[in-house]
Amino acid sequence: MRKFIAGVIITLAIVFVIRSCNEDKEDKSILQENSMLIQQEISNVSKLIVTEGHFAEVYNYKDSKALFGQLLRAEKKALVIVNADVTVAYDLRLIDFEIDEATKTVKINSMPEAEIKLNPDFEYYDVTADYLNQFDAADYNKIKKTVNASLMKKVKASSLRTNAENRLISELQKFYILTNSMGWRLTYQERTIESLEGLQVIKP
């Protein structure tokens with residue numbers, strides 16, 4: 001009788017161990033499937049976001065050169081009208097992230113910087129220059145450099161940059177919805193994102 005009871009106990013123990021192992025394998029399999037799904041969805045979302053705009057700039061260029069000491073000055077000037085097509089882009093393929101299966105966490109470590117591209121078209125009007133102070137390549141390069149710097153400053157302070165950031169947050173909402181629906185956690189620089197509004201803390 002004792003042998004029978006011992007046999008039953010041993011059999012039950014073996015069944016329990018086997019079942020536990022199978023359940024662990026199933027849990028690991030599900031975890032790996034979820035991890036692969038998250039990886040795939042992040043790859044699908046990871047793309048180039050481009051926001052386009054147009055800026056105009058009017059620039060008065062003047063240059064004066066002293067001749068023979070201060071006895072004579074040679075002047076040159078130009079009116080420059082610039083129309084520029086501008087793009088602000090975020091390449092989400094450059095997001096630095098990692099997937100931690102142990103804690104079921106998607107960690108965003110850093111975001112790519114905005115890529116601002118200027119495509120200006122320069123038109124020169126009222127170009128006048130004294131004989132001893134003619135326009136040359138250095139003048140045109142100086143005008144382009146100054147105008148580009150001015151345009152870049154305007155773009156960074158404009159609604160175009162803000163609109164691009166809003167589009168970025170809109171794409172990141174897909175990260176949050178996906179992870180949250182699967183019971184995973186989304187973090188940005190060790191800070192847990194607990195709502196869609198919480199994504200506002202993510203700044204490139």
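The preceding data block contains the structure.
Residues numbered from 1 in each chain as written. Predicted model: local features only at pLDDT ≥ 70, side-chain atom pairs only at ≥ 80, totals over all residues. Heavy atoms only, no water.

Asker: Please explain the overall build of the chain as it appears in this structure.
Answerer: On a plain count of helices and strands, the chain comes out with three helices and seven strands. Starting at the N terminus and ending at the C terminus, the chain contains elements arranged as α-β-β-β-β-β-α-α-β-β. Here the analysis covers contacts within the chain between residues at least 6 apart in sequence; of these, 74% occur between residues at least 24 apart. Summed over all atoms, the accessible surface of the chain reaches about 13300 Å², with 53% contributed by carbon and sulfur. (Helix = DSSP H or I, 4+ residues; strand = E, 2+ residues; numbered from the N terminus. Contact = heavy atoms within 4.5 Å. Areas by Shrake-Rupley, 256 points an atom, 1.4 Å probe, with all protein chains shown as cover.)

Asker: I would appreciate a short explanation of the packing of aromatic side chains in the present structure.
Answerer: The relation between two aromatic rings is expressed through the spacing of the ring centres and the mutual angle of the planes. Taken as a whole, this structure holds five aromatic pairs when the rule is applied. When the ring of Y124 is compared with that of Y140, the centres are 5.1 Å apart and the planes differ by 90°; the resulting orientation is edge-to-face. Linking Y124 in strand 5 (residues 115-129) with Y140 in helix 2 (residues 137-156), this pair joins segments that are 16 residues apart in sequence. Each ring, one from F135 and one from Y140, has its centre 5.7 Å from the other, and the planes form 35°; the classification is tilted. What makes F135 buried here is its relative accessible area of 16%. Clustering of aromatic rings is evident, with ring pairs tying together Y59, Y61, F122, Y124, F135 and Y140. (Phe/Tyr/Trp six-rings, centres within 6.5 Å; stacked < 30°, edge-to-face > 60°. Buried < 20%, exposed > 50% of the residue type's maximum accessible area, 1.4 Å probe, protein only.)

Asker: Would you take a moment to explain the pattern of salt bridges for this structure?
Answerer: Opposite charge on two side chains lets them pair, provided their charged atoms get close. Taken as a whole and judged by the stated rule, the model has six salt bridges. The shortest N-O distance in the salt bridge between D139 and K76 comes to 2.5 Å. In this pair, D139 is assigned in helix 2 and K76 in strand 2 (residues 72-91), connecting sequence segments 63 residues apart. A relative accessible area of 5% places D139 in the buried class. By relative accessible area, K76 is classed as buried at 5%. (Salt bridge = Lys/Arg side-chain N within 4 Å of Asp/Glu carboxyl O.)

Asker: I'm lost on the side chain of D91 in this one. Help?
Answerer: Positionally, D91 belongs in strand 2. Overall, D91 belongs to the buried group, its relative accessible area being 10%. One polar contact links D91 to R93, side chain to side chain, over a distance of 2.8 Å. (Polar contact = N/O pair within 3.5 Å; in protein donor to acceptor, adjacent residues only side chain to side chain.)

Asker: Sorry, what's going on with the sheet that holds strand 3 (residues 96-100) here?
Answerer: Strand pairs in the sheet, formed through backbone hydrogen bonds, run parallel or antiparallel to each other. If you trace the four strands from one edge of the open sheet to the other, you get 3-4-6-7, paired in mixed fashion. Every other strand in the sheet has two partners, leaving strand 3 and strand 7 (191-192) as the edge strands with one partner each. Bridge count for strand 4 (residues 105-110) against strand 6 (residues 185-188) is four bridges, and the pairing is parallel. Paired with K107 across the strands is T187, a residue of strand 6. (Pairing = 2+ DSSP bridges.)

Asker: Please explain the environment of E165 as it appears in this structure.
Answerer: Relative to the helices and strands, E165 is located in helix 3 (residues 159-181). When the C-alpha positions of E165 and K203 are compared, they lie 8.2 Å apart, and in sequence the two are 38 residues distant. Setting aside chain neighbours within four positions, we find E165 in contact with Y90 and K203.

What is shown is where atoms sit, not what they do.
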